[in-house]
Amino acid sequence: MNDQIVLITGAANGIGRASAHAFHGKGAQVVVTDMDEEGARAVAREMGERALAYRLDVTDRRSIEAAFAAAEAAMGPVSILHANAGVSNLKRAVDLDEEDWDFNFNVNAKGVFLTNQTAVRHFQKHKIAGAIVNTASLAAKVGAPFLAHYSASKFAVLGWTQALAREVAPQGIRVNAVCPGFVQTAMQDRELIWEAELTGSTPEAVRQSYIDQTPLGRLETPEDVADVVVFLASDAARFMTGQGVNVTGGVYMT
Ligand SMILES: NC(=O)c1ccc[n+]([C@@H]2O[C@H](COP(=O)([O-])OP(=O)(O)OC[C@H]3O[C@@H](n4cnc5c(N)ncnc54)[C@H](O)[C@@H]3O)[C@@H](O)[C@H]2O)c1
């Protein structure tokens, strides 16, 4: 990864932060972005050299283009995008309102569209056979209760990933996705509380139910996901494109 410049969205926390560290550990220059600018700066400081931080809101095309341009001016053209930023909230499908739907689709689906399109234009301008990895979800493969809107937005990520992969393959650009399972992050902490409220359970019991559903017998770590992201972006995955790779500890197997 020594000659790669990697831009990661939603990298102030969780999976994105682990991805930044994983790419950096393999020698890449890392562009840590998040709508939480101070959080992104803190992650860049954890790495020291070969890391920059910018505010990037994945729902705002201008902020995406500005971050790509700033990174290029400081380091050179971006060659890998990890489009990772995502949000969730839990509700029964019958109780969802349009705000819930728009919140999930704007960040999870439109955010992937806008960041991927900016990256492809950037790769084409610089004649780079770049790589894109999108963070989808287990919920992109199988509908999850209380997450109908989130599931729909993550199924959209896989549809986009496949279609874009076919279009840009002739230019050597690869587009893949990871589908994580039950990952220990701030997002999961929020979901445990919501699910416990919706089911009359406790966050601890819900957490145990996640472990019980996982053949490998533990919660997933952000690093479990990040290592697969680095693989998919690397030359070791040079003949993989349009894939949604499950990283779930066996929760979902097809
Ligand atoms: N945690 C899980 O169990 C799990 C499982 C499957 C998929 N995922 C997906 O993994 C990705 C990362 O999730 P996480 O668990 O690390 O969540 P997290 O909440 O810990 O981190 C998400 C980051 O995204 C940022 N963000 C939110 N909206 C943004 C926007 N509009 N623009 C830019 N940044 C924005 C947040 O500030 C935060 O730093 C998401 O796409 C999520 O859907 C998570």
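Residues numbered from 1 in each chain as written. Predicted model: local features only at pLDDT ≥ 70, side-chain atom pairs only at ≥ 80, totals over all residues.

Chemist: How would you summarise the overall build of the protein chain if you had to cite specific residues and measurements?
Modeler: A count of helices and strands for the protein chain gives eight helices and seven strands. For 254 residues, the compact-globule formula gives about 18 Å, and the C-alpha radius of gyration of the protein chain, at 17 Å, lands near that figure. For the protein chain, the proportion of its 254 residues judged to be buried stands at 50%. Long-range contacts, defined as pairs at least 24 residues apart, comprise 68% of the intrachain contacts of the protein chain with a sequence gap of at least 6. (Helix = DSSP H or I, 4+ residues; strand = E, 2+ residues; numbered from the N terminus. Rg over C-alpha atoms; globule rule 2.2 N^0.38 Å. Buried ≥ 20, exposed ≤ 12 C-beta atoms within 10 Å, placed from the backbone. Contact = placed C-beta atoms within 7 Å.)

Chemist: Requested: an account of the sheet that holds strand β5 (residues 131–135), with residues and values cited.
Modeler: Across the sheet, which stays open at both edges, the seven strands sit in the order β3-β2-β1-β4-β5-β6-β7 with parallel pairing between neighbours. The strands lining the two open edges of the sheet, one partner per strand, are β3 (51–55) and β7 (244–247). Going across the sheet, the axis of each strand differs from the next one's by a mean of 20°, ignoring polarity. With three bridges connecting them, strand β1 (residues 5–8) and strand β4 (residues 80–83) associate as parallel partners. Its bridge partner being in β4, Val6 is matched across the sheet by Ile80. (Pairing = 2+ DSSP bridges. Axes fitted to C-alpha atoms, helices over the stretch in contact; angles between N-to-C directions.)

Chemist: Residues and numbers for the site of the ligand, please.
Modeler: Neighbouring the ligand are 32 residues; Gly10, Gly14, Gly86, Thr185 and Met187 lie closest to it. For the shell around the ligand, the secondary-structure elements that each account for two or more residues are α1 (14–25), α4 (98–126) and α6 (186–199). (Near = placed C-beta within 6 Å.)

Chemist: Give me helix α3 (residues 61–74): which residues, what numbers.
Modeler: Because each turn of an α-helix spans 3.6 residues, side chains separated by three or four positions in sequence point in the same direction. Helix length check: α3 (14 residues) gives 20 Å between terminal C-alpha atoms against 20 Å at 1.5 Å per residue, within 8%. For α3, every residue scored as buried is listed here: Ile64, Ala67, Phe68 and Ala71. Taken around the axis of α3, the buried residues stretch over an arc of 95°, which confines them to a single face. The exposed set on the far side of α3, more than 90 degrees from its buried face, consists of Arg62 and Ala73. Next to the buried residues of α3 lie β1, β2 (29–34), β3 and α4. A positive phi of about 125° marks Gly76, the residue just after α3. (Expected span 1.5 Å × (residues − 1). Arc of directions from axis to C-beta.)

Chemist: An account of the nonpolar core is needed here, citing residue identities and associated values.
Modeler: Formed by 75 residues in total, the largest nonpolar core has its most connected members in Val31, Val32, Val178 and Val229. Ignoring sequence-local partners within four residues, the contact set of Val229 consists of Ser19, Ala22, His82, Val133 and Val178. (Core = buried A, V, L, I, M, F, W, Y, C linked by C-beta atoms within 7 Å.)

Chemist: If you had to explain the packing of α3 against α4 to someone new, which residues and values would you point to?
Modeler: Two numbers describe how α3 lies on α4: the axes approach to 10 Å, and their chain directions differ by 40°. Crossing of α3 over α4 shows right-handed handedness. Contact with α3, carried on its side by Arg61, Ile64, Glu65 and Phe68, involves Leu114, Thr115, Thr118 and His122 of α4 and no other residues of that element. Here the contact of α3 with α4 is composed, by residue class, of three nonpolar, three polar and two charged. (Left-handed = near helix turned anticlockwise from the far one by under 90°. Nonpolar A, V, L, I, M, F, W, Y, C, P; charged D, E, K, R; others polar.)

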